[in-house]
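In case you want the letters, here they are:
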Amino acid sequence: MGVRFRSMILGAKQILRLQTLARRNQPDVPKGHFAVYVGEIQKKRFVIPVSYLNHSSFQELLARSEEEFGFDHPMGGLTISCKEDTFINLSFELNGS
């Protein structure tokens, strides 16, 4: 599990580095944040704080997304396949902690 978690974090860091390069063309992503695309069928873009990466519930979502999509994200951000309402509820929980 430790090795898988480490590879998941390294993959997320790689995506964040790519987003940093892309951010020069997308000023709508503030420093310390990154874009994720959420939804089961139609994806909606959310800009969330990097601090979410420290929370186990968000890490679980990343693990499921890695299984489904890997770390190749053609949309330019992390793709998370879950219900939009589920993600919004998780975001409220993480903002409160």
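Caption draft 1: Quick look at the pairing of strand β2 (residues 44–49). Pairing of strand β1 (residues 33–38) with β2 involves six bridges; the strand directions are antiparallel. In the strand pairing of β2, F34 is matched with I48. Counted between consecutive antiparallel strands, the loop separating β1 from β2 contains five residues, among which G39 sits at a positive phi close to 145 degrees.

Caption draft 2: Region of the structure containing the sheet that holds β1. The sheet built from three strands is open, its strands ordered β2-β1-β3 with mixed pairing. Each end of this open sheet is capped by a strand with a single partner; those strands are β2 and β3 (78–80). Ignoring strand direction, the axes of neighbouring strands in this sheet form an average angle of 35 degrees. As paired elements, β1 and β3 share three bridges and run parallel to each other. Paired with V36 across the strands is L78, a residue of β3. Seen against the sheet, helix α3 (residues 84–96) touches β1, β2 and β3 and runs at an angle of roughly 15 degrees to β2.

Definitions and cut-offs
Residues numbered from 1 in each chain as written. Predicted model: local features only at pLDDT ≥ 70, side-chain atom pairs only at ≥ 80, totals over all residues. Heavy atoms only, no water. Pairing = 2+ DSSP bridges. Helix = DSSP H or I, 4+ residues; strand = E, 2+ residues; numbered from the N terminus. Axes fitted to C-alpha atoms, helices over the stretch in contact; angles between N-to-C directions. Contact = heavy atoms within 4.5 Å.

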